[in-house]
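Given next are the chains, with one letter for each unit.
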Amino acid sequence: MFLYFLFVIGFFLLIKGADVLVKGSTSIAKRFGLSDMIVGLTIVSFGTSLPELIINVLSSLQGQSELAIGNVFGSNVANLLLILGVTAIICPLPIRRNTILTEIPFSLIATLLVGFLANATLLNKTDELYISRLDGAILLFFFVLFMVYIYNIAKTNKDEVIPHAEGDAPLLSVKKSVLLILLGVVGLFLGGKWVVDGAVHIAQSFGLSESFIGLTVVAIGTSLPELVTSAMAAFRRNIDIAVGNVVGSNIFNLVWILGISALINPLPFDVVSNSDIVMMIFASTLLIVAMPIGKRNAIDRWNGVFFLIVYVSYITFLVMRG
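Residues numbered from 1 in each chain as written. Predicted model: local features only at pLDDT ≥ 70, side-chain atom pairs only at ≥ 80, totals over all residues. Heavy atoms only, no water.

Some words on the overall build of the protein chain
For the record, the criterion: Secondary structure follows DSSP: runs of H or I at least 4 residues long count as helices, runs of E at least 2 residues long count as strands, and numbering of each begins at the N terminus. Both definitions apply: the radius of gyration is a C-alpha atom measure, and the globule rule equals 2.2 Å times residues to the power 0.38. Note on classification: 1.4 Å probe, protein chains only; a residue is buried when its accessible area is under 20% of the maximum for its type, exposed when over 50%, partly exposed between these limits. Areas reported here follow the Shrake-Rupley algorithm with a probe of radius 1.4 Å; residue values treat only the protein chains shown as occluding.
Helices and strands together make up the secondary structure of the protein chain, namely 10 helices and 4 strands. Reading the protein chain from its N end, one meets helices and strands in the order α-α-α-β-α-β-α-α-α-α-β-α-β-α. Taken over the C-alpha trace, the protein chain has a radius of gyration of 19 Å; the compact-globule value for 322 residues is 20 Å, and the two agree within 12%. Looking at the protein chain residue by residue over its 322 residues, the buried ones come to 55%. Counting every atom, the protein chain has about 14,400 Å² of accessible surface; 71% of that belongs to carbon and sulfur.

This is the structure in structure tokens:
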């Protein structure tokens, strides 16, 4: 019973930890004159992706590979369909040209790369599928390429930065920002450990697979920071942070978090998980297709409702799959 209590507290720490981490990180980023889109794609994405990172690192160390892979795949589908769906219903989301032409396609390519690496051992005529340490290094190489791209657009888009006005909320001091970042990391670590322990216990006690728990309960739980962050950004009409957070988090999950997880411990891959990769590809494609249908390359409210319907259908499929 105490483990269930820690499981719930763990989710609270994940959400609160990500919240204070993002607050401190964003304040520091603003002091360096970064645009909202850059902040969303990097600082905020890093902060809201830390729950996935902590859970995956702990899962890899404990040999819970199905939970690690299910967490990333489930979180990415939740980001694209659940979070963008809810956010678009709150406020239609205009998408920048760079995001349409570069960042969303990069996320789609990263998904295809993970699918290829996970199934590459089939070429060796073996029945065992896994994401090896070499695969992890390849994913991290693509993460470095993405960060180089971010650095280049940060240099060329300085004119997009909105200066801090007197009416805005005051920026935090550097000391307070660093303190919030440290508190956030501690909260994410403790919350992540308790969620992993609780999820494994739930899976075992109810006869559910680790993959199913990772794709549903843990994935939605670790996506709550993205959901809260993007929803609040939409309420404040800060669309760049709302969209950049989701797209950046998906890229971080695939090339950074899975890369680190595989380096720690090779991740055995169940062929059933290929259907989840197909779902990620479908969700990314749906996002690209939805924009020309909406007004001015935007994800409108009707798109958001459709995204939620597709996500509920996906969860129903997972329940039926068991």
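From this point on, the discussion continues.
Considering the packing of helix α4 (residues 97-119) against helix α8 (residues 239-264)
Here is the rule: Note on geometry: axes are lines fitted to C-alpha atoms, helical ones only across the stretch in contact, with angles between N-to-C directions running from 0 to 180 degrees. If an angle is under 35 degrees, it is roughly parallel; if it is over 145, roughly antiparallel; if it lies from 65 to 115, roughly perpendicular; otherwise it is oblique. In a left-handed crossing the near helix is turned counterclockwise from the far helix by less than a right angle, and in a right-handed crossing that turn is clockwise. The criterion used for residue contact is that any of the two residues' heavy atoms lie within 4.5 Å. Three classes are used: nonpolar for Ala, Val, Leu, Ile, Met, Phe, Trp, Tyr, Cys and Pro, charged for Asp, Glu, Lys and Arg, and polar for all others, with Gly counted as polar.
Here α4 crosses α8 at 30 degrees, and the two axes come no closer than 10 Å. Between α4 and α8, the interaxial angle falls into the category roughly parallel. Note that α4 runs across α8; the crossing there is left-handed. For the pair formed by α4 and α8, the contact residues are Thr99, Glu103, Ile104, Phe106, Ser107, Ala110, Thr111 and Val114 on the first element and Val243, Val247, Asn250, Ile251, Leu254, Val255 and Leu258 on the second. Residue composition of the contact of α4 with α8, by class: 10 nonpolar, 4 polar and 1 charged.

Some thoughts on empty space enclosed by the protein
Stated formally: Put simply, the grid is 1 Å and covers the protein atoms alone, a cavity is a trapped set of points that fit a 1.4 Å probe, a pocket is an open set with protein on both sides within 12 Å along at least five of seven lines, and lining residues have an atom within 4 Å of a point. Grid points are joined across faces, edges and corners, and a volume is the space filled by probe spheres set on the points.
By the definition in use, this model includes 4 cavities of 30 Å³ or more. In this structure, the largest cavity occupies an estimated 50 Å³ of space. Along its surface, the largest cavity is lined by Ser65, Glu66, Ile69, Gly70, Ser211, Pro268, Asp270, Ser273 and Asp276. With 4 residues, the top contributor of residues to the lining of the largest cavity is helix α3 (residues 65-90). Roughly 40 Å³ of volume is contained in the second largest cavity. Every element with two or more residues in the lining of the second largest cavity is listed here: α4, α8 and α9 (274-293). The class makeup of the residues in the lining of the second largest cavity is 4 nonpolar, 3 polar and no charged.

Some points on the nonpolar core
As a reminder of what qualifies: In plain words, nonpolar cores are sets of buried Ala, Val, Leu, Ile, Met, Phe, Trp, Tyr and Cys residues tied together by side-chain atoms within 4.5 Å.
The biggest cluster of nonpolar side chains holds 87 residues, and the ones touching the most others in it are Phe73 and Leu81. Counting residues per element, this core draws most heavily on α3, at 13 residues. For Phe73, the contacting residues outside a window of four places in its chain are Val114, Leu215, Leu258, Phe269, Ser273, Asp276, Ile277 and Met280.

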